[in-house]
Amino acid sequence: MNVTIAEGWKRVLKPEFEKEYFEKLTSFVKEEYQKYQCFPKGKEIFAAFNHCNFDDVKVVIIGQDPYHGENQANGLCFSVHDGIPHPPSLINIFKEIETDLGKPYPQSGNLEHWADQGVLLLNATLTVRAHQAGSHQNKGWEKFTDAAIQYLSEQKENLVFLLWGGYAKKKGAKIDSTKHKILSSGHPSPLSANRGYWFGNKHFSKTNTYLKSVGKKEISW
């Protein structure tokens, strides 16, 4: 696995790249990509970091696995490539933005424009085998992304962490709430959203209100 990652992140994550678990993870991922169809494309594995360098992070959204369907995953959690039908969770995210901010529902499900404004769209696991959800879990990715979250919590201030669903809340449990704003709710998946745990959380307006209060530019959702 050729780690092409933005300079700021390379500096911060250098200790992780040198650890034994990351070497094993690299070998596993290389072998998987050689033997099977995997997502996202190799050059997009670290897209979350490359679109949102360490120094530019303002907001962190934590997902679980990349999409495992054809041409969906683009390395950013919840995001899909241009022209790809929007998955159910993304539909509900956009619906909440519609009601929260009064913005029209977007045509494209590509969230690169969020990432480019300082939103780290981080999946816990950065790769997956095609059509096999969770197939690359417990191979080291979670340890790596935990480290990234920890470095953000320790080395930065006044970030907004959006923790959607039980998995994200568990993963964000060690974030320093005295230095950062943590907003949590149910997951935007239909199962959770239709039971009243997602809609109306107003996380997008709340994020911007907080960013403004600490002198940071708001996100154009």
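First, a word on what this report is: a plain description of the structure on this page. Please read these numbers as outputs of a predicted model, since none were measured by experiment. (Residues numbered from 1 in each chain as written. Predicted model: local features only at pLDDT ≥ 70, side-chain atom pairs only at ≥ 80, totals over all residues. Heavy atoms only, no water.)

1. Concerning the nonpolar core
Ranked by internal contacts, the top residues of the largest apolar core, which has 68 residues, are W9, F49, I61, W114, L120 and F144. It is helix α6 (residues 141-155) that provides the largest number of residues to this core, a total of 7 residues. (Core = buried A, V, L, I, M, F, W, Y, C linked by side-chain atoms within 4.5 Å. Buried < 20%, exposed > 50% of the residue type's maximum accessible area, 1.4 Å probe, protein only. Helix = DSSP H or I, 4+ residues; strand = E, 2+ residues; numbered from the N terminus.)

2. A word on the packing of helix α1 (residues 7-17) against α6
Two elements in contact, α1 and α6, have axes whose closest approach is 10 Å; the angle formed by their N-to-C orientations is 130 degrees. With respect to their mutual orientation, α1 and α6 come out oblique. The handedness of the crossing between α1 and α6 is right-handed. Contacts between α1 and α6 pair W9, V12, L13, P15, E16 and F17 from the former with F144, A147, A148, Y151, L152 and Q155 from the latter. Grouping the constituent residues of the contact of α1 with α6 by class yields 10 nonpolar, 1 polar and 1 charged. (Axes fitted to C-alpha atoms, helices over the stretch in contact; angles between N-to-C directions. Parallel < 35°, antiparallel > 145°, perpendicular 65-115°, else oblique. Left-handed = near helix turned anticlockwise from the far one by under 90°. Contact = heavy atoms within 4.5 Å. Nonpolar A, V, L, I, M, F, W, Y, C, P; charged D, E, K, R; others polar.)

3. Regarding the side chain of K58
Structurally, K58 can be placed in the loop between α3 (47-51) and β2 (59-63). Buried within the structure, K58 lacks any salt-bridge partner; its nearest side chain of opposite charge belongs to D56, at an N-O separation of 8.9 Å. Once you skip the residues sitting within four places of it in the chain, K58 turns out to touch Q117, G118, N158, L159, V160, L211, K216, K217, E218 and I219. (Lys, Arg positive; Asp, Glu negative; His and termini not counted. Salt bridge = Lys/Arg side-chain N within 4 Å of Asp/Glu carboxyl O.)

4. Points about the packing of helix α4 (residues 88-101) against helix α9 (residues 203-213)
Relative to each other, α4 and α9 sit at 60 degrees, their axes nearing to 8 Å. The angle between the axes of α4 and α9 places the two elements in the oblique class. Where α4 abuts α9, its residues I93, E96, I97, D100 and L101 lie against H203, F204 and S205. A breakdown of the residues in the contact of α4 with α9 according to their chemical character gives 4 nonpolar, 2 polar and 2 charged.

5. Points about helix α2 (residues 20-35)
With 16 residues, α2 should reach 22 Å at 1.5 Å per residue; the first-to-last C-alpha distance of 23 Å fits that figure. All of the buried residues in α2 are Y21, F22, L25, T26, F28, V29 and E32. As for α2, its buried residues are in contact with α1, β1 (38-39), β4 (128-129) and α6. (Expected span 1.5 Å × (residues − 1).)

6. What to know about the sheet that holds strand β6 (residues 181-185)
Read from one edge to the other, the open sheet built from 4 strands follows the order β3-β2-β5-β6, with strand pairing classed as parallel. Edge strands, defined here as strands with exactly one partner in the open sheet, are β3 (119-123) and β6. Ignoring strand direction, the axes of neighbouring strands in this sheet form an average angle of 20 degrees. Relative to strand β5 (residues 160-164), β2 runs parallel, the two sharing 3 bridges. Looking at β5, one finds that V59 is bridged to V160. With respect to the sheet, α6 is in contact with β2, β3 and β5, its orientation differing from that of β3 by roughly 150 degrees. (Pairing = 2+ DSSP bridges.)

7. Quick notes on the environment of K35
Here K35 shows up in helix α2. Taking the relative accessible area as the measure of exposure, K35 reaches 56% and is therefore exposed. Counting along the chain gives 94 residues from K35 to R129, while the straight-line C-alpha distance between them is 9.9 Å.

8. Some points on the packing of aromatic side chains
All told, the structure shown has 18 aromatic pairs when counted by the stated rule. Between F22 and F144 the ring centres are 5.2 Å apart and the planes differ by 45 degrees, which places this aromatic pair in the tilted class. You can see F22 sitting in helix α2 and its partner F144 sitting in helix α6, a full 122 residues away along the chain. The class of F22 is buried, set by a relative accessible area of 3%. Here F144 falls in the buried class, since its relative accessible area comes to 0%. Ring geometry for F94 and Y105: centres 5.4 Å apart, planes at 85 degrees, overall edge-to-face. With F94 in helix α4 and Y105 in the loop between α4 and α5 (112-115), this pair connects stretches of sequence that are 11 residues apart. Through pairs of rings, three or more aromatic residues link up here, namely W9, F17, Y21, F22, F46, F49, F54, W141 and F144. Lying over the aromatic face of Y36, R129 brings its terminal NZ or CZ to 3.7 Å of the ring centre. One residue, K156, lies across the ring of F54, its end atom 5.3 Å from the ring centre. (Phe/Tyr/Trp six-rings, centres within 6.5 Å; stacked < 30°, edge-to-face > 60°. Lys NZ or Arg CZ within 6 Å of the ring centre and 35° of its normal.)

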